Amino acid sequence: MTSGSSASRIGFASRLGFGASGIGTLYRDVTEAQAADVLDKAYEGGMRYFDTAPLYGHGLSELRLGRFLRTIDRKTVTVSTKAGRYMVPPYGETVDYGLWASPLRLKPVFDYSYAGTMRSLEQSASRLGIADFDLVYIHDVDRFTHGDAYERRFNEAIEGCYPALDDLRKAGHIKAIGVGVNESDVATRFIKACSLDAVMMAGRYTLLDRSAEADLLPEAQKQGVEIVAVGVFNSGILATGTGSSAATYDYGAPPPEIVERAKKIEAICKRHNVPLQAAAIQFPFRNPLVSAAVLGMSRVERIEQNLAWAKTAIPESFWTDLDEAVV
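Since the model is a prediction, treat every value here as computed from it, not as a measurement. (Residues numbered from 1 in each chain as written. Predicted model: local features only at pLDDT ≥ 70, side-chain atom pairs only at ≥ 80, totals over all residues. Heavy atoms only, no water.)

(A) Expanded view of the overall build of the chain. Tallying secondary structure elements over the chain gives 12 helices and 10 strands in all. By the compact-globule yardstick of 20 Å for 327 residues, the chain fits well, its C-alpha radius of gyration being 19 Å. Among the 327 residues that make up the chain, the fraction classed as buried is 56%. Contacts spanning at least 24 positions in sequence make up 76% of the contacts within the chain whose residues lie at least 6 apart. Accessible area for the chain stands at about 13600 Å²; split by element, carbon and sulfur atoms hold 51% of it. Counting 36 positive and 40 negative side-chain charges, the chain places the averaged centre of each group 2 Å from the other. (Helix = DSSP H or I, 4+ residues; strand = E, 2+ residues; numbered from the N terminus. Rg over C-alpha atoms; globule rule 2.2 N^0.38 Å. Buried < 20%, exposed > 50% of the residue type's maximum accessible area, 1.4 Å probe, protein only. Contact = heavy atoms within 4.5 Å. Areas by Shrake-Rupley, 256 points an atom, 1.4 Å probe, with all protein chains shown as cover. Lys, Arg positive; Asp, Glu negative; His and termini not counted. Charge placed at Lys NZ, Arg CZ, Asp CG, Glu CD.)

(B) Just the sheet that holds strand S2 (residues 49-51), in detail. Within the closed barrel, the eight strands sit side by side as S1-S2-S3-S6-S7-S8-S9-S10. Their pairing is parallel. Within this sheet the neighbouring strands show an average axis-to-axis angle of 25°, counted without direction. (Pairing = 2+ DSSP bridges. Axes fitted to C-alpha atoms, helices over the stretch in contact; angles between N-to-C directions.)

(C) Representation of the nonpolar core within the structure. In this structure, Phe-18, Ile-138, Phe-190 and Leu-207 are the most contacted members of the largest nonpolar core, which totals 90 residues. In terms of residue count, helix H5 (residues 150-170) provides more of this core than any other element does, seven residues in total. Setting aside anything within four residues of it in sequence, one finds Phe-18 in contact with Ile-23, Val-38, Leu-39, Ala-42, Met-47, Tyr-49, Phe-50, Asp-51, Val-294, Leu-295, Met-297 and Ile-303. Counting residues in hydrophobic clusters, the runner-up holds 12 residues, among them Leu-135, Tyr-137, Ala-176 and Ala-202. (Core = buried A, V, L, I, M, F, W, Y, C linked by side-chain atoms within 4.5 Å.)

(D) Representation of the pairing of strand S1 (residues 16-19) in the model. Along S1, one buried face is formed by Leu-16 and Phe-18 and the opposite face, lined by Gly-17 and Gly-19, is buried too. Direction of pairing for S1 relative to strand S10 (residues 290-296): parallel, over a ladder of four bridges. Note on S10: the bridge partner recorded for Gly-19 is Gly-296. Note: S1 against S2, three bridges, orientation parallel.

(E) Main features of the packing of aromatic side chains. In the structure shown here, the tally under the stated rule is 11 aromatic pairs. For the pair Phe-50 and Phe-68, a centre-to-centre distance of 5.4 Å together with 50° between the ring planes defines the contact as tilted. Remark: Phe-68 occurs in helix H2 (residues 60-69) and Phe-50 occurs in strand S2; sequence separation between them is 18 residues. Since its relative accessible area comes to 5%, Phe-68 is described here as buried. Between Tyr-205 and Phe-283 the ring centres are 4.9 Å apart and the planes differ by 45°, which places this aromatic pair in the tilted class. A residue pair is termed long-range when its members are at least 10 positions apart, and Tyr-205 in the loop between strand S8 (198-202) and helix H7 (216-223) and Phe-283 in the loop between helix H10 (276-282) and S10 qualify at 78 residues. Summarising the burial analysis for this pair, Tyr-205 and Phe-283 share the class buried. Sitting over the face of the ring of Tyr-97, Arg-105 holds its NZ or CZ atom 4.4 Å from the ring centroid. In this arrangement the basic side chain of Arg-119 is found over the ring face of Tyr-86, its NZ or CZ atom lying 4.1 Å from the centre. (Phe/Tyr/Trp six-rings, centres within 6.5 Å; stacked < 30°, edge-to-face > 60°. Lys NZ or Arg CZ within 6 Å of the ring centre and 35° of its normal.)

If you want it as structure tokens, here you go:
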């Protein structure tokens, strides 16, 4: 699972990617030493694709990843970040740090304009210590993030963010452009509206939720757009199992129908002696459009576990039973 994808035009340096939200202190504090250690272990384990964003730790994730990048040969890895937010000092204003346990004390500002995109990337370049980008995703232009402001933000991104990234792509400073969202219909709308290379699809092409099969995947195949799967555990339930009190789905309590579907999947896993987590990681790669899957990690032991699950042999009979039982 960690070898490069020969079908990928983008040329991901590994199919299994390291999601750097965790080292930005998502949910829990992570020290500088711990962040450095987990990045080293991921690289040693064969992970060569590293994904981050300005939002993650309000710049902390990019800063820490940048320190790591200066210790290796940059040519050996694929690095992606995102555009749509830049950071400013709060100047006494109260900031909601949300899910971030110990972020940089900066305030994120949504801005999908041309100038705002350039400002965002200038900040990212400074934190990461790189002048050019392998892949930049337009980040979080969806209803999940913006609610009633979604339509306005979408238009702003099409008229400002995308042209800015396209100009940088034409100039050779960005190799590829993508969009990273939580809703497959929004991703589909983007790839119809502009020339994208990739879609980072969060949680909509997983063991539990295959809704991307209805709209995104057919359009991506038509347009020649690669898929990067994220949220393969649907924020937790496919990592912990339904029996855990910590089980979450899309960062909240799982609804009854999701729990019921997850229990069906667990039963099939048990029957075939397949770890639930291994099935969750490997599921997206059944589709040739999926060039990479990114897993968020902030503990060294998670690196070893995820790499082992990615390599676990899964019989074809398991997938057959799964397809028949879960619609």
